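Analysis of the macromolecular model
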Amino acid sequence: MDCGIETRCIHGNLEKFEKDKTGAVSFPIYQTATFAHPEVGVSTGFDYSRLQNPIRERLEKVMASLEGGTDAFAFSSGMAAVTALMELFKPGDHIIAEADLYGGSIRLFNNISSKNGISFSFLDCSGDNIENYIKENTKAVFIETPTNPMMNVTDIRKISETAKRHNLLLIVDNTFLSPYFQNPLKLGAGIVVHSGTKFLGGHNDTLAGIIVTNSEEITEKLRFIIKTVGSGLSPFDSWLILRGIKTLSVRMERAQANAERIAAFLLKRPEIKMVYYPGIKGTRAYEICKKQARGFGSMLTFETESRELALHILKSVKLIQFAESLGGTETLLTYPATQTHADMPEEARIKNGIIDRILRLSAGIETAEDLINDLEQALY
Ligand SMILES: *Cc1c(COP(=O)(O)O)cnc(C)c1O
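Now for a look at the structure at hand. All values reported here derive from a predicted model rather than from experimental measurement. Residue positions are counted from 1 within each chain, in the order its sequence is given. Only residues with pLDDT of at least 70 get local features here, since the model is predicted, and only at 80 or more are side-chain atom pairs given and counted; chain-wide, interface and lining totals rely on the full set of residues. Hydrogens and water molecules were not included; the side-chain quantities draw on all heavy atoms of the structure.

1. Considerations on the pattern of salt bridges
- Here, a salt bridge means any Lys or Arg side-chain nitrogen found within 4 Å of an Asp or Glu carboxyl oxygen. Per the stated rule, a full pass over the model turns up 12 salt bridges.
- Its salt-bridge partner being D93, residue K90 comes within 3.4 Å of it at the nearest N-O pair.
- Judged by relative accessible area, which is 47%, K90 ranks as partly exposed.
- Accessibility here uses a 1.4 Å probe with only protein chains present; expressed as a share of the type maximum, an area under 20% marks a residue as buried, one over 50% as exposed, and anything in between as partly exposed. The class for D93 is buried, based on a relative accessible area of 4%.
- With its nearest N and O atoms 2.7 Å apart, the salt bridge here joins R269 to E271.
- According to the relative accessible area criterion, R269 is buried, its value standing at 19%.
- Among the charged side chains, a network of salt bridges with common partners joins K90, D93 and K139.

Printed below as a string of C-alpha cells:
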C-alpha cells in the first residue's frame, strides 16, 4: 500500500510486528540484551541486541519508508552514524565535503578520519563546481542542505549527476529538513544520514542517529559495521524516536509556520542586518529548495548589527532558550561562533560567514506571537 508521508510517520510500511500477540498499539520495548535460541541452528530472528533488537528494527523500517530507501540503521547519536559512515572508506581515500557542515562532522573529519588516512577537501558545494576538485582517489561527496548554520542550499539532483559521472558516493545529511520535507535518495543520493536527536525525536530529550540507503552493497557493509563497533541505538531510545516520528508531520508544519513569522519580523528590524532562511522569496536558496523539497524548514540564521547585540539577545530572551541543538518543540537560539562551530578553524569559520554577530534560531512549536514578543523585548 502506497500511503502518504503523514501515515507512514505513524504506521511505517504497515507491516505488523508478527511476534506481538497482545495487539499493543504502541510498539513494545524489548529491554533485553540477548535472545534465547529454540535449538542449535534455529533463531527467532534476534540473537543479541548489538546486532538487532525488535524496536530498533521497527524504527529502521519506518525511517527506510520515510526516506524511500530499502534499509536503515539507527545509531546512538548522529555523530555515531557519521563515524560509522567513515568506516566505509580506507586510508588513501579522499572525500569532498561541504565547508559549512555541522561542526561536529568537521571535528570528526579533521581529527579522527584524517588520522585514519582519509583526506578531505572542504568546498562551498552550493556554489563551487566540485568537478574541479575531484581527484583519482576521490570516493565520496558529503553535503548538508540547507547548511548549518549559513543555510546555503545545494542542488541535490545536479550534484548527484556529477557524483554519478565520477563514480562517487553522494552522502546527504538531511537533518535540517527531515524526511517530511526532503528525500535526497529520490534525488539521486546514495546515502542519507540524520541526527535523530533533532526533528525525528523532536523533543530535545534523546540522542540518536539514522542512516538510510537503497544500495544492497552499502547495507551489507553497514550491517557488519553496526554489529562490530556496537553503536546501535538502545531499545528505550528507539522507542522515544519512534514516538517522536509519529508527530513529525504536524511538528514540521507548525515549526515552519513559526519560522516564517519570525523571519518576517526580523527582516523588518533595522538592528538585524541579514536573515538567512530558505523560505525568503527571491533568494537563490528559495528557488533551489522549491525544486527539490516540500518545505523550507524551521531553521534560520540572522546577523545582528553588533556582537554586543547578539550577546544581549542571548542574555535577554525569556521564553526562547540559549542552547545548542535544534528541531525540538522548544525554540532555541544558538551562538555558532562559540558553540556548534567553536572547534572549526577560525579562518574557515569566518570565511563561511560564521562571524560573532551571527545567531541561529530553531523555531519550536510555541505560539508565534509569544516568540516574536520575546525577541522584540530582547532587542535592546
Ligand atoms: C546535531 C547534528 C549532527 C550530530 O548529531 P548528534 O545527534 O548530536 O550526534 C549532525 N548533523 C547535523 C546537521 C546536526 O544538526
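Alright, that's what it looks like, and here's the rest.
2. A short note on the packing of helix α3 (residues 78–86) against helix α4 (residues 103–113)
- At a minimum axis distance of 10 Å, the contact between α3 and α4 shows a crossing angle of 40°. One finds that α3 runs oblique with respect to α4. The way α3 lies across α4 gives a crossing that is right-handed. On α4, the residues touching M79, V82, T83 and M86 of α3 are G104, S105, L108, F109 and S113.
- Here the residues of the contact of α3 with α4 sort into 5 nonpolar, 4 polar and no charged. Inter-axis angles, ranging from 0 to 180 degrees, are taken between N-to-C directions of lines fitted to C-alpha atoms, where helices are fitted over the stretch in contact. Numbered from the N terminus, helices here are DSSP runs of H or I no shorter than four residues, and strands are runs of E no shorter than two. We call two directions roughly parallel when the angle between them is under 35 degrees, roughly antiparallel when it is over 145, roughly perpendicular when it lies between 65 and 115, and oblique otherwise. By convention, the crossing between two helices is left-handed when the near helix turns anticlockwise from the far helix through less than a right angle, and right-handed when the turn is clockwise. In this analysis, two residues are considered to be in contact whenever any of their non-hydrogen atoms come within 4.5 Å of each other. Under this grouping Gly is polar, as are all residues other than the nonpolar Ala, Val, Leu, Ile, Met, Phe, Trp, Tyr, Cys and Pro and the charged Asp, Glu, Lys and Arg.

3. Concerning the site of the ligand
- Inspection of the region around the ligand gives S77, G78, M79, Y102, E144, D173, T175, S195, T197, K198, A208 and L326 as its neighbouring residues.
- Polar contact criterion, stated in full: a pair of N or O atoms within 3.5 Å, where within protein one must be able to donate a hydrogen and the other to accept it, and residues adjacent in sequence count only if both atoms are side-chain atoms. In this structure, an oxygen atom belonging to the ligand sits 2.8 Å away from a main-chain N or O atom of M79.
- At a separation of 2.8 Å, an oxygen atom of the ligand approaches a polar side-chain atom of S195.
- All accessibility values rest on the Shrake-Rupley procedure with a 1.4 Å probe; residue burial counts only the protein chains present in the view. Within the complex, 93% of the 380 Å² of free accessible area of the ligand lies under protein.
- Residue classes in the shell around the ligand are distributed as 4 nonpolar, 5 polar and 3 charged. Any residue with a heavy atom lying within 4 Å of a molecule or strand is counted as near it.

4. Considering the pairing of strand β9 (residues 299–304)
- Of all 6 residues that make up β9, 6 are buried, and the element is covered over most of its length.
- Neither face of β9 is open: one carries M299, T301 and E303, the other L300, F302 and T304, and all of them are buried.
- A pair of strands counts as paired when DSSP detects no fewer than two bridges linking them. Alignment of strand β8 (residues 272–276) against β9, held across 4 bridges, turns out to be antiparallel. Within β9, the residue paired with M274 across the bridge is E303.
- Summarising the sheet, β9 and strand β12 (residues 358–362) pair through 5 bridges and their orientation is antiparallel. Note on β12: the bridge partner recorded for F302 is L359.

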